[in-house]
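Architecture and fold: a report
One-letter residues, chain by chain:
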Amino acid sequence: MQIIPLTANTAARLERLFPEHPPIAIRLWAILDGVIQGRLLVDEPDCPRRAFIVDVTENHVYLGGALNALLIQQAFTILGACQPLVVCLWPGDPLLSMLPGEQDYAGVAIDFSERSPQVDLNRLAVIPAGYELRQIDAAYARAVPEFDYYVKMFGSLQGAVEHMIGYYLAQGEKIACEAVAAPLARDVAEIGVETQPGFQQKGLASALCAYVIRKCEAQGYRTFWNASEQNTASVALARKLGLRREQRMTVLAWPAMEAT
């Protein structure tokens, strides 16, 4: 098996190997479309029949082609030498029985792949008094260390700023809350939000997310949300914003292998 660059020609041949709607499908689509960064491991570089695509920001591995336990173990040995690995699969997927043992995490996450138009975003997208709404720009990206997540996702700071819909709330010079739609792929926008300590439980996340989702829908994007089942605050916020069509997945994770 060999790690190779992901080109447009390779992506076109690879897509048929993967399920049409795997868990967190937007990340796979975004990698195949060249929107965000990914790593590609294949059995045959010229004509792949089995492939493993890794989302480098979340370490999520997408498995494609006719696989067995031995091939998956070989792939994990190669990929896991560089990073931890995460696999998300729908319950009952035959691949679950082929995955290596010794995971260091097992849990459940939820994909929310539709939003109800009956939930009025205009009612929710009211910015509380005392906060200023600002669009994420390069200056913000350079000043906020956590923005490195998106730099890694897109491969550059400029690429991240240009290929997302992102806003934040500030109280004076303090950043209170950030909401981002990224990646954007195949008319779908993935929503992420983070509220800083000291600003939680003030309604900032719901107001800012409603504002960002409204922006996305105005540009023709459907919104997507993913949350760990244990993250009850994120699950509750998704439902408050009208996200629905909940699909639960099994999440398994392996630590990076130590160099020998």
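This write-up is about the structure you can find in this document.

Thresholds, definitions, all that
- Residues numbered from 1 in each chain as written.
- Predicted model: local features only at pLDDT ≥ 70, side-chain atom pairs only at ≥ 80, totals over all residues.
- Heavy atoms only, no water.
- Disulfide = S-S within 2.5 Å.
- Buried < 20%, exposed > 50% of the residue type's maximum accessible area, 1.4 Å probe, protein only.
- Helix = DSSP H or I, 4+ residues; strand = E, 2+ residues; numbered from the N terminus.
- Pairing = 2+ DSSP bridges.
- Contact = heavy atoms within 4.5 Å.
- Phe/Tyr/Trp six-rings, centres within 6.5 Å; stacked < 30°, edge-to-face > 60°.

Quick word on the state of the cysteines
A complete count under the given rule lists zero disulfides for this structure. For the unlinked cysteine C177, the closest cysteine sulfur is that of C209, found at 6.5 Å. A relative accessible area of 1% places C177 in the buried class. Here C216 is not cross-linked by a disulfide; its sulfur's nearest cysteine counterpart is in C209, at 10 Å.

Considerations on helix α2 (residues 25-32)
Of all eight residues in α2, eight are buried; the element is thus mostly enclosed. Listed as buried for α2 are A25, I26, R27, L28, W29, A30, I31 and L32. Trailing α2 by a residue or two, G34 shows a phi angle of about 75 degrees, which is positive.

Thoughts on the pairing of strand β5 (residues 85-89)
Of all five residues that make up β5, five are buried, and the element is covered over most of its length. Inspection of the sheet shows β5 paired to strand β12 (residues 243-254) by five bridges, in the antiparallel sense. Within β12, the position partnered with L89 by the bridge is T250.

Concerning the side chain of S234
With respect to the helices and strands, S234 occurs in helix α9 (residues 232-240). Residue contacts for S234: discarding those within four places in its chain leaves W225 and A227.

Observations regarding the pairing of strand β6 (residues 105-115)
The pairing of β6 with β12 spans 10 bridges and is classified as antiparallel. Residue A106 lies in a different strand from β12, and its bridge partner there is L252. Where β6 lies against strand β11 (residues 222-228), four bridges are found, and the strand directions are antiparallel. Each bridged residue has a counterpart across the sheet, and for I110 the counterpart in β11 is A227.

Description of the environment of R13
As for its placement among the helices and strands, R13 is situated in helix α1 (residues 8-14). Measuring from C-alpha to C-alpha, the distance between R13 and P48 comes to 7.6 Å, with 35 residues separating the pair along the chain. Look past the residues within four positions of R13 in its chain and what remains in contact with it is P45, D46 and P48.

Some words on the packing of aromatic side chains
Counted according to the given criterion, the structure contains seven aromatic pairs. Residues F147 and Y150 carry aromatic rings whose centres are separated by 5.5 Å and whose planes lie at 45 degrees to one another, so their mutual orientation is tilted. Taking the centre distance of 5.1 Å and the plane angle of 80 degrees together, the rings of Y167 and Y211 count as edge-to-face. Taken together, the residues Y167 in strand β8 (residues 165-171) and Y211 in helix α8 (residues 204-218) connect sequence positions 44 residues apart. The exposure classification of Y167 matches that of Y211, with both residues buried. Counting every residue linked through ring pairs, the aromatic cluster contains Y140, F147, Y149, Y150 and Y168.

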